[in-house]
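Structure assessment
Each chain is listed here by its residues.
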Amino acid sequence: MPQFKSFLENQQFEARHLEQLFSIADSFANSSSESTKQQQAHGLSKKIAALIFFEASTRTRLSFESACVQEGVHPMLLDANASSSLKKGESLEDTVLNVAAMDPDLLIIRCDDSLDLQAMDKLVAAPILNAGWGTKGHPTQALLDAYTIRRFRKNLKSERLLIVGDVVHSRVASSHIQLSKLLGYEIAFCGPENLLPTLREPVQIFSDLKTGLQWATAVMALRLQNERHSDSQKEAISLADFRKHYALNTQVLKQLRSDAIIMHPGPINHGVELDSEVLGDPRNVVLQQVRSGVWIRRALVRMALAGF
Ligand code: CP
């Protein structure tokens, strides 16, 4: 297995380690839910994981919580915006250091770009898992997406993932840039020019959604992240234009091959990046992604506590 303490970005792994991770996730996926719950807890039963969420989350938070419980690890949750001393002026750094001083065995952190997780990793003894870090990366989401593609489409190396919408603010998209190189699938972006990133490495861009859909074997719609938009972006983005050119609906999805899959990392804004009718499409695997998230995060919790 790889030798590192914390998991902050996907390029820490080599492809063979990701295959090991996927194999562990497969073992959870292929067990019945009852037998999965009853599996031996690998000596992790006295372990504590502190989940520190400085930003809102439904899927990541609860899937990590479920992953911990299924591994016999006790989750300790700080929903920092709702109920923490941030309200009294405590900094994000001090919050993490104080939680770490309670000696949890694992820290699972979601934060914005203002917290430096690499720096925090040097200051705390427990391993840290990145549960979504500003616009920098959401490596476990990219892993569960790739794992979902692998389950439905079998051979990742011949897959082509089209990521559509607010790419520039998407930590999921940035994590796929890294992960696609490791696992050998192709990615391309499609979105309005002011929502596409300026990249050091070239990524294929489709300005026309229909052409992109004809190319893809998997398509992933992204939410417009209004909370991260600058004033100039807010002025420049017309919702009607965005919907006309980049929203997924039944009509445009006729361009997507019949054995392709339709994904979304969640949360979905119905009627913005995706029309509700799309969720009735047999190619939709959005809730399968959520299921994959528990298996992948459970495998990561196990690996982190055993020492990556
Ligand atoms: N995809 C994702 O990270 O969802 P949450 O923000 O609900 O965790």
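Quick note: structure is the one above.
The rules behind these values
- Residues numbered from 1 in each chain as written.
- Predicted model: local features only at pLDDT ≥ 70, side-chain atom pairs only at ≥ 80, totals over all residues.
- Heavy atoms only, no water.
- Pairing = 2+ DSSP bridges.
- Helix = DSSP H or I, 4+ residues; strand = E, 2+ residues; numbered from the N terminus.
- Axes fitted to C-alpha atoms, helices over the stretch in contact; angles between N-to-C directions.
- Phe/Tyr/Trp six-rings, centres within 6.5 Å; stacked < 30°, edge-to-face > 60°.
- Buried < 20%, exposed > 50% of the residue type's maximum accessible area, 1.4 Å probe, protein only.
- Lys NZ or Arg CZ within 6 Å of the ring centre and 35° of its normal.
- Right-handed = clockwise from strand over helix to strand, strands pointing away.
- Salt bridge = Lys/Arg side-chain N within 4 Å of Asp/Glu carboxyl O.
- Near = heavy atom within 4 Å.
- Polar contact = N/O pair within 3.5 Å; in protein donor to acceptor, adjacent residues only side chain to side chain.
- Areas by Shrake-Rupley, 256 points an atom, 1.4 Å probe, with all protein chains shown as cover.
- Nonpolar A, V, L, I, M, F, W, Y, C, P; charged D, E, K, R; others polar.

1. Points about the sheet that holds strand β4 (residues 128-133)
- Spatial ordering of the open sheet is given by β2-β1-β3-β4, a layout of four strands whose pairing is parallel. If you trace the sheet from one side to the other, it starts and ends with β2 (74-79) and β4, each paired once. On average, each strand axis in the sheet is inclined to that of its neighbour by 15°, with strand direction left out of account.
- Examined bridge by bridge, strand β1 (residues 48-53) and β2 share six bridges and lie parallel to one another. Across the sheet, isoleucine 48 pairs through a bridge with histidine 74, a residue of β2.

2. Observations regarding the packing of aromatic side chains
- Inspection of every chain in the model, using the stated rule, returns six aromatic pairs.
- With centroids separated by 5.4 Å and ring planes inclined at 55°, the aromatic side chains of phenylalanine 22 and tyrosine 147 adopt a geometry described as tilted. In this pair, phenylalanine 22 sits in helix α1 (residues 15-29) while tyrosine 147 sits in helix α7 (residues 139-153), placing the two residues 125 residues apart along the sequence. Each of the two residues, phenylalanine 22 as well as tyrosine 147, counts as buried.
- Put simply, the rings of Phe4, Phe7 and Phe13 touch in pairs and so form one group of aromatic residues.
- The aromatic ring of phenylalanine 64 is capped on one face by arginine 297, whose charged end is 5.3 Å from the ring centroid.
- The residue whose ring lies beneath arginine 298 is phenylalanine 28, and the NZ or CZ to ring-centre distance is 3.9 Å.

3. Here we look at the pairing of strand β6 (residues 186-190)
- Among the five residues in β6, four count as buried, and that is most of the element.
- Relative to β6, strand β5 (residues 160-164) is paired through five bridges, and the arrangement is parallel. Within the sheet, the bridge partner assigned to isoleucine 163 lies in β6 and is phenylalanine 189.
- Handedness of the crossover joining β5 and β6 through helix α8 (residues 171-183) is recorded here as right-handed.
- The sheet contact formed by β6 and strand β7 (residues 204-205) spans two bridges and is parallel. Bridged to phenylalanine 189 within β7 is isoleucine 205.

4. Let's talk about the pattern of salt bridges
- Enumeration over the complete set of coordinates arrives at 15 salt bridges.
- Taking the shortest distance from any N to any O, the salt bridge between arginine 283 and aspartate 281 comes out at 2.8 Å. Of the two residues examined, arginine 283 and aspartate 281, each falls in the buried class.
- Through salt bridges with shared partners, a single network forms among Arg153, Glu159, Arg257 and Asp259.

5. Focus on the site of the ligand
- Neighbouring the ligand are Ala56, Ser57, Thr58, Arg59, Thr60, Arg110, His138, Gln141, Pro265 and Gly266.
- Between the ligand and arginine 59 there is a distance of 2.9 Å, counted from an oxygen atom to a side-chain nitrogen or oxygen.
- A distance of 2.7 Å is found between a nitrogen atom of the ligand and a backbone nitrogen or oxygen belonging to proline 265.
- In the complex, the protein chains occlude 92% of the 260 Å² of accessible area that the ligand would expose alone.
- Here the residues of the shell around the ligand sort into two nonpolar, six polar and two charged.

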